[in-house]
Amino acid sequence: MLKQIRPAIVSFTILAAITGLGYPLAITGIAQLVMPEQANGSLIKQNGQVIGSELVGQAFTQDKYFHGRLSATTGPDPQDASKSVAAPYNAANSMGSNLGPTSAALKDRLTADVAAAKKENPSAEVPVDLVMTSSSGLDPHISPDNALFQVPRVAKARGIDEAKLRDLVQSQIEDRDLGIFGELRVNVLKLNLALDRMGS
Amino acid sequence: MNLYDWLQIAAFCTVLVALTPLLGAYLTRVFDGQRTWLSPVLRPIEIVLYRVAGVDQKQEQHWVSYTIALLLFHVAGFLFLYLLLRLQALLPLNPAGQGPVAADLTFNTTMSFLTNTNWQNYGGESTMSYLSQMLGLTVQNYLSAASGIAISLALVRGFARASSHTVGNFWVDITRATLYVLMPICVLLALFFVWQGMPQTLGPYVEATTLEGAKQTIAVGPVASQIAIKLLGTNGGGFFNANASHPLENPTALSNNMQMLAILMIGAALTNVFGRMVGNQRQGYAIFAAMGVLFLAGVVVCYWAESYGTQTLQSLGLSGGNMEGKELRFGIVGSALFAVVTTAASCGAVNAMHDSFTALGGMIPLINMQLGEIVIGGVGAGLYGMLLFVILTIFLAGLMVGRTPEYVGKKIEAREVKMAMLAILVLPLMILGWTAIAVVYPPAVASIANPGPHGFSEVLYAFTSQTANNGSAFAGLTGNTPFYNVAGGIAMFVGRFWMIVPAMAIAGSLAAKKSVPASSGTFPTTGALFVGLLVGVILIVGGLTFFPALAVGPIVEHLAMLAGDLF
């Protein structure tokens, strides 16, 4: 048994150095050299300032923007750092709601949100991703139905023709990867950027 | 449910099946010590390592010294990781200024990564420095997976050899598994993931000013390198708290499919290695087929349950399935398939919140883990777990016809059956034992997030996941408490090593046996009859053990949901 202590320590040390330093640093080097865009978080800049990542959703609350999915992320309470409070789209603390299928709290939340959505747009069916929280709380996408559902509100706030806005949404729909994987979707931040460009 | 969804499932399965014999052939060459196309680069490193470590690579080990070597290697790993996490505040590569990790949380986390579980009672981006993620967690992701491969190889050699005192050399196996198998595939995977949008940087978290003028801190880091091995090694510990559902940890549906493939590819290929080493690939395919039957059954049920949704959704007129806790880019099918894949293997990465799955949808991952994660299974652990069930099945078949059973030319006798049963009993002992304690111990009950039967499922899931070394969670449960940290740490330790030691004992005892040629009385183990019998034994053993617990959790919750009861 004593004979095995040396290989245990030496093998562990060498393999740890290769896998824990050599490997991640080599990947970092290659990635930074060849794909710096993605390696640094796919950031979007406007006038030299970072306004977000194209892959990370951000909170939209104003009527003139399309809203992303509901987010259950939290952050520290400014009054008492040991407690946490709701902080949607906190990209330093990703999480979901973890409410189960027979949760009364979930039903109460959904009932209120569905009623509010129906009030905003009585003519369309409420899309399920409009009222259900994402897993990470940072989902950058919404379904095409969800985006179209919000068109009347955004059109009213901006004073733009609804048909024009629907065309914009259609042009922002991303196809399934390789034509089969994933879902049809709209990137909310990109859609809102396109919207701002259209306005000006 | 639609055509695209079924197409995605079919495409995924096709690629996995096609890859299995290719990777199996490569693995067999590596562990037989033959030259491979990577040898010119890796062989010199390997030789230096053996020389410094004082390892004679030609010197094979008895099963006892093989096991001791493995255990000592884990002791070294435990001490190193424990100290690293406790001292991270004093060490470099800590741009977010993370403090030291608390003692009980460090114990749990160290056990978790040492045993290939990667249960996470911590939030990655809010707890760990970059150095801890790389030199601590990434290292254990590699080495715990390599250990799993080594043990499964020792057991396969036990079946393949005759009248031999040795089962291989642990130091050689672990080195080759790391350098020739895990590392090259991880390099390719990591670069693919960066291309899809995963960050790989040592820079600090990004401060953004959003379109509406709010501040957003975006956590980044050396993500892709860790995620590649997290999946390939069936580890599952995420860089971020939300794991593979975080858009920077799983940016696209394409990366999602590659992640699922990475989780299963080595486990699937090892069945082929088994076939090749015992000299009949059909033996490997029979095991793969039994795994495939259980896998597809799980996928269909989970996908159906999530598409159907819940009574709450129906009553509000919402269609489109249960999207609570799911990401839009993966949709229902990408989330359900991932949940089955990650618990079929001992991975535990999640791309959706299992806590928010429907009762039946969430029961499938539970069952997968309770069966011992033998449906493809963890890297190495899946194969040796499955071979324990094979021994049991062969034993039962032998009882039916009244003769000593044989499997791939080896007589299966009392010692093997006893050891297999010992290993299989660890699951109910740890899972049901700790769950029973946790539901009557008030501080443990206080951790439950959802009331009613779902709360019981959260606790059952926690101990199932940790004992089976999976690491996924019904994440509503507050796991970072002294009770769950310590109890979970023990469950993970026992769940891993109480399987490994009996499996190694079987390896040693089989290797020493003579090989008996197949006769007309030998039960054929390559046909549909054997596959059916094996699946039946797995389901009966798992069912008898865990049905009562499932009845109190997900089954009663499903019935309550249908009746419209809420909690």
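One structure accompanies this document, and this report is about it.

Reading the values: rules and limits
Residues numbered from 1 in each chain as written. Chains lettered and ligands numbered in written order. Predicted model: local features only at pLDDT ≥ 70, side-chain atom pairs only at ≥ 80, totals over all residues. Heavy atoms only, no water. Helix = DSSP H or I, 4+ residues; strand = E, 2+ residues; numbered from the N terminus. Rg over C-alpha atoms; globule rule 2.2 N^0.38 Å. Buried < 20%, exposed > 50% of the residue type's maximum accessible area, 1.4 Å probe, protein only. Contact = heavy atoms within 4.5 Å. Lys, Arg positive; Asp, Glu negative; His and termini not counted. Charge placed at Lys NZ, Arg CZ, Asp CG, Glu CD. Salt bridge = Lys/Arg side-chain N within 4 Å of Asp/Glu carboxyl O. Axes fitted to C-alpha atoms, helices over the stretch in contact; angles between N-to-C directions. Left-handed = near helix turned anticlockwise from the far one by under 90°. Pairing = 2+ DSSP bridges. Patch = residues over 30% accessible without salt bridge, like charges linked within 9 Å, V, L, I, M, F, W, Y side chains within 5 Å. Areas by Shrake-Rupley, 256 points an atom, 1.4 Å probe, with all protein chains shown as cover. Buried area = accessible area lost by both parts, 1.4 Å probe. Polar contact = N/O pair within 3.5 Å; in protein donor to acceptor, adjacent residues only side chain to side chain.

**What about the overall build of chain A?**
Here is step 1: Counting its regular elements, chain A contains 7 helices and 7 strands.
Here is step 2: Starting at the N terminus and ending at the C terminus, chain A contains elements arranged as α-α-β-β-β-β-α-α-β-α-α-β-β-α.
Here is step 3: By the compact-globule yardstick of 16 Å for 200 residues, chain A is too spread out, its C-alpha radius of gyration being 23 Å.
Here is step 4: With the C-alpha coordinates aligned to their principal axes, the bounding extent of chain A is approximately 80 × 45 × 40 Å.
Here is step 5: Scored against the burial criterion, the 200 residues of chain A give a buried share of 52%.
Here is step 6: Within chain A, residue pairs in contact and separated by at least 24 positions form 52% of the contacts whose partners lie at least 6 positions apart.
Here is step 7: Computing the positive centroid from 19 side-chain charges and the negative centroid from 20, chain A places the two 5 Å apart.

**Overview of the environment of Ala17(A)**
Residue and element names in this part refer to chain A.
Here is step 1: Relative to the assigned elements, Ala 17 resides in helix H1 (residues 5-34).
Here is step 2: Look at Ala 17 and you get partly exposed, because its relative accessible area is 39%.
Here is step 3: Separated by 41 residues in the primary sequence, Ala 17 and Gln 58 place their C-alpha atoms 38 Å from one another.

**A short note on the pattern of salt bridges**
Here is step 1: A full pass over the atoms with the stated rule returns 21 salt bridges over all chains.
Here is step 2: Between Arg185(A) and Glu174(A) there is a salt bridge, with the nearest N and O atoms lying 3.6 Å from each other. Of this pair, Arg185(A) sits in strand S7 (residues 185-187) while Glu174(A) sits in strand S6 (residues 173-174), placing them 11 residues apart in sequence.
Here is step 3: One network of salt bridges, with partners in common, ties together Arg69(A), Asp139(A), Glu327(B) and Arg329(B).

**Some points on the packing of helix H15 (residues 414-438) of chain B against helix H17 (residues 453-467) of chain B**
Residue and element names in this part refer to chain B.
Here is step 1: Remark: H15 packs on H17, axes separated minimally by 9 Å, with the N-to-C direction vectors making an angle of 145°. Seen from above, H15 lies across H17 with right-handed handedness. Of the residues in H17, those in contact with Val 426, Leu 427, Met 430, Ile 431, Trp 434, Thr 435 and Ala 438 of H15 are Phe 456, Val 459, Leu 460, Phe 463, Thr 464 and Thr 467.

**A closer look at the environment of Val341(B)**
Here is step 1: For Val341(B), the position within the fold is in helix H12 (residues 331-344).
Here is step 2: Val341(B) sits in the buried class, given a relative accessible area of 0%.

**Quick look at the sheet that holds strand S5 (residues 141-142) of chain A**
Residue and element names in this part refer to chain A.
Here is step 1: Strand order in the open sheet formed by 3 strands is S5-S7-S6, and the pairing between neighbours is antiparallel. Since the sheet does not close on itself, it has two edges, and those belong to S5 and S6, each with one partner.
Here is step 2: In terms of strand pairing, S6 meets S7 through 2 bridges, oriented antiparallel. The residue bridging Ile 173 from the neighbouring strand is Val 186, located in S7.
Here is step 3: Strand contacts of helix H7 (residues 188-199): S5, S6 and S7, with the helix running at about 60° to S7, the strand carrying the most contacts.

**Looking at a nonpolar patch on the surface**
Residue and element names in this part refer to chain B.
Here is step 1: Taken together, the side chains of Leu 83, Leu 87, Leu 90 and Leu 91 make up a nonpolar region of the molecular surface, amounting to roughly 390 Å² of accessible area.
Here is step 2: In this structure, Leu 87 sits in helix H3 (residues 63-87).
Here is step 3: Look at Leu 87 and you get partly exposed, because its relative accessible area is 40%.

**Some remarks on the interface of chain A and chain B**
Here is step 1: Every contact between the two is made by 101 residues of chain A and, on the other side, 111 residues of chain B.
Here is step 2: Interface area for chain A against chain B, summed over the two sides, is near 8400 Å², with a carbon-plus-sulfur share of 66%.
Here is step 3: Of all residues in chain A, Phe12(A), Tyr23(A) and Thr102(A) bury the most surface against chain B, accounting for 9% of the area lost on that side.
Here is step 4: Taken together, chain A and chain B are joined by 2 salt bridges.
Here is step 5: As a salt-bridge pair, Asp139(A) and Arg329(B) come within 3.9 Å of each other at their nearest N and O atoms.
Here is step 6: Counting across the interface, chain A meets chain B through 43 residue pairs in polar contact (both at pLDDT 80 or more).

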